[in-house]
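Residue-level structural notes
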Amino acid sequence: WRTTHKHGIRVPKSVKEALQLDQINGNTMWQDAINKEMSKAKISWEIQDGIDPAEARKGKVGKLIGYQEIRNNIIFDVKMDFTRKARYCAGGHTTDAPDGITYSSVVLRDSVRIGFLAAALHGVDVLAID
């Protein structure tokens, strides 16, 4: 990372560094930003008690078969009003995508115009669905 400071405030690169900055500055601004972001993100998962992560990674936990582990991190920023912002980022791009739902076709504008022209010439009604 090149940016170490923003608006004169040091921007941390990790949660550990953010908590150290809070301790040095004698406040909880980064901790509050982390708590705010994680309170929004925590609805995305449920805690599994009594499961060893190593066993889950090997596929030996029955109720977790089919799930994939992804890395995540928190990106920090300072807003223009000097409030601290933490963004929770999950690396979903590293998972294997299912074959059936990954294709998204894109229609060229010229193809649509030709279709409308052909419909108008033949008196065909055109319906649109999204």
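Residues numbered from 1 in each chain as written. Predicted model: local features only at pLDDT ≥ 70, side-chain atom pairs only at ≥ 80, totals over all residues. Heavy atoms only, no water.

1. Re the overall build of the chain
- Scanning the chain from terminus to terminus reveals four helices and four strands.
- Mapped from its N terminus to its C terminus, the chain presents α and β elements in the order β-β-α-α-α-β-β-α.
- Taking all 130 residues of the chain together, 17% fall into the buried category.
- A separation of at least 24 residues holds for 42% of the contacts in the chain among residues at least 6 apart in sequence.
- Accessible area for the chain stands at about 11100 Å²; split by element, carbon and sulfur atoms hold 54% of it. (Helix = DSSP H or I, 4+ residues; strand = E, 2+ residues; numbered from the N terminus. Buried < 20%, exposed > 50% of the residue type's maximum accessible area, 1.4 Å probe, protein only. Contact = heavy atoms within 4.5 Å. Areas by Shrake-Rupley, 256 points an atom, 1.4 Å probe, with all protein chains shown as cover.)

2. Here's the deal with the confidence of the model for the chain
- Mean pLDDT over the chain: 84, with 88% of residues reaching 70 or higher.
- Between the elements of the chain, mean pLDDT differs from a low of 81, seen in helix α3 (residues 53–57), to a high of 94, seen in helix α1 (residues 15–25). (pLDDT = per-residue confidence, 0-100.)

3. Digging into the pattern of salt bridges
- What the rule picks out here adds up to five salt bridges.
- Between Glu-37 and Lys-40 there is a salt bridge; the shortest N-O distance is 3.8 Å. Here Glu-37 and its partner Lys-40 are both found in helix α2 (residues 29–41), three residues apart, which amounts to about one turn of the helix.
- Relative accessible area serves as the criterion here: at 47%, Lys-40 is assigned to the partly exposed category. (Salt bridge = Lys/Arg side-chain N within 4 Å of Asp/Glu carboxyl O.)

4. Topic: the pairing of strand β3 (residues 72–78)
- Relative to strand β4 (residues 84–90), β3 is paired through seven bridges, and the arrangement is antiparallel. The residue of β4 that forms the bridge with Asn-72 is Ala-90.
- Between β3 and β4, which pair antiparallel and follow one another directly, the connecting turn spans five residues, one of which, Phe-82, has a positive phi of 70°. (Pairing = 2+ DSSP bridges.)

5. Some remarks on the side chain of Asp-77
- Position of Asp-77 among the secondary structure elements: in strand β3.
- On the basis of relative accessible area, Asp-77 is assigned to the buried category, the value being 17%.
- Of the polar contacts made by the side chain of Asp-77, one reaches the side chain of Lys-6; its length is 2.8 Å.
- Those residues in contact with Asp-77 that lie beyond four places of it in its chain are Lys-6, Val-11, Trp-30, Thr-83, Arg-84, Lys-85 and Arg-87. (Polar contact = N/O pair within 3.5 Å; in protein donor to acceptor, adjacent residues only side chain to side chain.)

6. Concerning the nonpolar core
- One finds Ile-9, Val-11, Ala-18, Leu-21, Trp-30, Ala-33, Ile-34, Ile-74, Phe-76, Val-78 and Ala-86 forming the largest nonpolar core, which totals eleven residues.
- Contributions of two or more residues to this core are made by α1, α2 and β3.
- When near neighbours in sequence (up to four residues on either side) are disregarded, Ala-18 contacts Pro-12, Trp-30, Ile-34 and Phe-76. (Core = buried A, V, L, I, M, F, W, Y, C linked by side-chain atoms within 4.5 Å.)

7. Quick look at the layout of surface pockets
- When its volume is computed, the largest pocket comes out at roughly 930 Å³.
- Of all elements in the fold, only α3 and β4 reach the threshold of two or more residues within the lining of the largest pocket.
- For the lining of the largest pocket, the element with the highest residue contribution is α3, accounting for three residues.
- For the lining of the largest pocket, the residue count by class is 13 nonpolar, five polar and five charged. (1 Å grid on protein atoms, 1.4 Å probe; cavity = no way out; pocket = protein on both sides within 12 Å on 5 of 7 lines; lining within 4 Å. Points joined across faces, edges and corners; volume = space filled by probe spheres on them. Nonpolar A, V, L, I, M, F, W, Y, C, P; charged D, E, K, R; others polar.)

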